[in-house]
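An overview of the molecular structure
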Amino acid sequence: MSGPDSQSEPHQQFVNMSAESRLKELNLQLPPAPKPVAVYKPVVVVGNTCYVSGHGPLKPDKTMMTGVVGKDVDLAGGQAAARQCGLAILATVRNELGSLDRVKRLVKTLGMVNTAADFYDHPKVINGFSELMRDVFGEDAGVGARSAVGMGPLPGNISVEVECIFELNG
Amino acid sequence: MHASSSSLPSSLSPNGTKRTGGTRLFVAATCLLAGGCISVDVTRESRTSSSPSTREQPKAATPAAPSAEARLVELGIKLPEANKPSATLTPIVIVGNFAFVSGHTSRAADGKSITGRVGEELTVAQGKDAARQVGLSVLATLKNELGSLDRVKRVVKVLGMVNCPAGFKEQPQVINGFSELLIDVFGKERGLGARSAVGMSSLPGNVAVEIEGVFEIER
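Counting starts from 1 at the beginning of each chain's written sequence and moves along it residue by residue. Working convention: letters from A go to chains and numbers from 1 go to ligands, in the order in which they are written. Only residues with pLDDT of at least 70 are given local features in this predicted model, and only at 80 or more are side-chain atom pairs given and counted; all residues enter the totals for whole chains, interfaces and linings. Excluding hydrogens and water, the side-chain values take into account all heavy atoms of the structure.

Residue and element names in this part refer to chain A. The salt bridge definition used is simple: a Lys or Arg side-chain nitrogen within 4 Å of an Asp or Glu carboxyl oxygen. Tallied over the full model, the rule gives 9 salt bridges over all chains. The closest approach of N and O atoms between K104 and E167, which form a salt bridge, is 3.6 Å. Of this pair, K104 sits in strand 3 (residues 103–114) while E167 sits in strand 5 (residues 160–168), and the two are 63 residues apart along the sequence. Relative accessibility under 20% of the residue-type maximum defines a buried residue, over 50% an exposed one, and the middle range a partly exposed one, all with a 1.4 Å probe and only protein chains included. Exposure remark for E167: the relative accessible area of 11% places this residue in the buried category. Secondary structure counts use DSSP, requiring at least four H or I residues in a row for a helix and at least two E residues in a row for a strand, with both numbered from the N terminus.

Pairing between the strands of a sheet comes from backbone hydrogen bonds, and it takes one of two forms, parallel or antiparallel. All names here are of chain B. In space, the 5 strands of this open sheet follow the order 4-5-8-6-7, with mixed pairing throughout. Looking at which strands have only one partner, the edges of the open sheet turn out to be strand 4 (92–95) and strand 7 (194–200). Each adjacent strand pair in this sheet contributes to an overall mean axis angle of 15°, direction not counted. We call two residues contacting when some pair of their heavy atoms lies within 4.5 Å. Axis lines are fitted to C-alpha atoms, over the contacting stretch for helices. Their N-to-C directions set the angle, which ranges from 0 to 180 degrees. In the packing of helix 2 (residues 124–146) onto the sheet, contacts are made with strand 4, strand 5 (98–105), strand 6 (152–163) and strand 8 (209–217), and the angle to strand 8 comes to roughly 40°. Lying over the sheet, helix 3 (residues 171–191) contacts strand 6, strand 7 and strand 8, oriented at roughly 170° with respect to strand 6. In short, DSSP must find at least two bridges between two strands for them to pair.

Our next topic: the side chain of S159 of chain A. Relative to the assigned elements, S159 of chain A resides in the loop between strand 4 (145–151) and strand 5. Once you skip the residues sitting within four places of it in the chain, S159 of chain A turns out to touch P57, M65, T66, G67, V69, V73, A81, M112, V113, N114 and L154 of chain A.

A few words now on the side chain of S202 of chain B. Mapped onto the secondary structure, S202 of chain B falls in the loop between strand 7 and strand 8. Judged by relative accessible area, which is 1%, S202 of chain B ranks as buried. Polar contacts, as counted here, are pairs of nitrogen or oxygen atoms within 3.5 Å of one another; within protein the pair requires one atom able to donate a hydrogen and one able to accept it, and residues that are adjacent in sequence qualify only if both atoms are side-chain atoms. Looking at S202 of chain B, its side chain comes within polar contact range of the side chain of T115 of chain A, at 2.5 Å. Filtering out sequence-adjacent residues up to four positions away, S202 of chain B remains in contact with T115, A116, A117, F119, H122, V149 and G150 of chain A together with N163 of chain B.

Membership of the largest hydrophobic core comes to 40 residues, with the highest contact counts inside it found for L142, L149, V185, V209 and F215 of chain B. Residue assignment for this core shows that the elements contributing at least two residues are helix 1 (68–74), strand 5, helix 2, strand 6, helix 3 and strand 8 of chain B. No other element matches the 9 residues that helix 2 of chain B contributes to this core. Apart from the residues within four sequence positions on either side, V185 of chain B is in contact with A68, R71, L72, L75, I77, L139 and L149 of chain B. Membership of the second largest hydrophobic core comes to 37 residues, among which are L87, L97, A148 and C164 of chain A. We call a set of buried Ala, Val, Leu, Ile, Met, Phe, Trp, Tyr and Cys residues a nonpolar core when their side-chain atoms join them within 4.5 Å.

Turning next to the packing of helix 2 of chain B against helix 3 of chain B. All names here are of chain B. Relative to each other, helix 2 and helix 3 sit at 40°, their axes nearing to 6 Å. Here helix 3 runs oblique to helix 2, going by the angle between their axes. Of the two elements, helix 2 crosses helix 3, and the hand of that crossing is right-handed. Within the contact between the two elements, helix 2 uses V124, G127, K128, A131, R132, V134, G135, L136, V138 and L139 and helix 3 uses Q173, V174, I175, N176, G177, F178, E180, L181, L182, V185 and F186. Considered class by class, the residues forming the contact of helix 2 with helix 3 number 13 nonpolar, 5 polar and 3 charged. Oblique is the label for any angle not covered by the other classes, which are roughly parallel (under 35 degrees), roughly antiparallel (over 145) and roughly perpendicular (65 to 115). Helix crossings are classified by the rotation of the near helix relative to the far one: an anticlockwise turn of less than a right angle makes the crossing left-handed, while a clockwise turn makes it right-handed. Put simply, Ala, Val, Leu, Ile, Met, Phe, Trp, Tyr, Cys and Pro go in the nonpolar bin, Asp, Glu, Lys and Arg in the charged bin, and everything else, Gly too, in the polar bin.

This part takes up the sheet that holds strand 1 (residues 43–46) of chain A. Residue and element names in this part refer to chain A. Taken together, the 5 strands give an open sheet; going across it, the order is 1-2-5-3-4, and neighbouring strands pair in mixed fashion. Every interior strand has two partners, whereas the edge strands, strand 1 and strand 4, have only one. Averaged over all adjacent pairs, the angle separating strand axes in this sheet is 15°, with direction ignored. In the packing of helix 2 (residues 75–97) onto the sheet, the strands contacted are strand 1, strand 2 (49–55), strand 3 and strand 5, and the crossing angle to strand 5 comes to about 40°.

So, about the confidence of the model for chain B. All names here are of chain B. Scored from 0 to 100, pLDDT reflects the predictor's confidence in each residue. For chain B, mean pLDDT is 80; residues scoring 70 or higher make up 70% of the total. Note on residues 1–63: pLDDT under 50 across the span, and 95 contacts to partners over four residues away in sequence or across chains. Reported for the predicted complex are a pTM of 0.81 and an ipTM of 0.89.

Counting residues at the interface gives 28 residues for chain B and 28 residues for chain A. By definition, the buried area sums, over both parts, the 1.4 Å-probe accessible area that each loses when the two are put together. Contact between chain B and chain A buries roughly 2,200 Å² in total, counting both sides, with carbon and sulfur atoms accounting for 60%. Here chain B and chain A share 15 residue pairs in polar contact (both at pLDDT 80 or more) between them. Counting only elements with at least two residues in the side of chain B that touches chain A, the list comes to strand 4, strand 5, strand 6 and strand 8 of chain B. The element contributing the most residues to the side of chain B that touches chain A is strand 5 of chain B, with 4 residues. By residue class, the composition of the side of chain B that touches chain A is 15 nonpolar, 10 polar and 3 charged.

Turning our eyes to something else, we now look at the confidence of the model for chain A. For residues with low pLDDT, the predicted coordinates do not support detailed interpretation. Mean pLDDT over chain A works out to 92, with 91% of the residues at or above the 70 mark. Every residue in residues 1–8 of chain A is under pLDDT 50, and counting partners more than four places away or in other chains gives 10 contacts.

Let's shift gears to the environment of L58 of chain A. All names here are of chain A. Following the sequence through the fold, L58 ends up in the loop between strand 2 and helix 2. Sequence separation between L58 and I89 is 31 residues; the distance between their C-alpha atoms is 9.3 Å. Not counting chain neighbours up to four residues away, the residues in contact with L58 comprise P31, P32, P34, T63, M64, Q84 and A88.

With that out of the way, let us pick up the pairing of strand 4 of chain B. Moving residue by residue along a regular strand, the side chains alternate between the two faces of the sheet. Residues and elements named next belong to chain B. Summarising the sheet, strand 4 and strand 5 pair through 4 bridges and their orientation is antiparallel. Following the sheet pairing, I92 is matched in strand 5 by V101. Hairpin connection between strand 4 and strand 5: a loop of 2 residues separates the two successive antiparallel strands, and G96 in this loop has a positive phi of roughly 60°.

Below, the structure is given as structure tokens:
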């Protein structure tokens, strides 16, 4: 899929597939699971709830996508960065839990966009993340509560940072 | 860092959790890098974990827990239409006893967004009104999902985000518009939760306030 407005969503074809199968089917390349860069854990599991730390747009070459969205980076670039945050989160979750199939559903997302003060399209940017989650976990389990907001600045001038909560299978 | 902690009990260290006579005090401190605007809010929880609710009793009938629905009527509050789910988000997700509520943005009674930066285009009082409007929107979402606000056991945690310039320091006063509404509706015990009130460099559609929250609910 090319962007947030595409009509032919792959998730519709993969309704009954596991997240790991969908990942394969969609030919998604995950970056290496990011190591914490300061004093925090990438994931904390409490009961069936999995809290994921803020992740930046980590690329497979281990560099980050940087720049202020709406100034240095356009909307499409921001969406790509949000999607890359999602891939980094998937890498972390798989690394921590062994398999993405342990995820029951996406509960909540806080999407933080590095923006200029006059940028207003945060939801469109964070759709880059949300659509990835929907494609991987499905139309129901992959769509959760969400806040999409503007931050200035973000660590290392990354374009987007996303934290989220998953519910795990019992 | 500016930490506003006027409501902090004197016995409590501002960076910890302490037990006082069976009452747990929670400190929620969030340091979000957002225009240098940081605040700390404190609340108190006195729920005993060993008292499961009994279905036989009418919910929220004790003086300590007035019916939220009755309060709405008493206060003459009319809730707006609940937010609808979109392709990429749903306004609320229930996991066990917890309701996770998406960020709701400030909208006037006519449905139009309340926009502008608080401390620049909007006064603190206008920002506070905007936060109250967000509260009405959040209540509408809760009621729409749960059927009745009386299923809300308590506010757990709120993240209040204010669209403001870098030097603005009164985020807690703005978000009080939300918190005071929830206290009015749920009472102090159930309506007052952990909270962070912070400044954001920008918000979607230039709205003045966006607030997300976690609520404990009756299953």
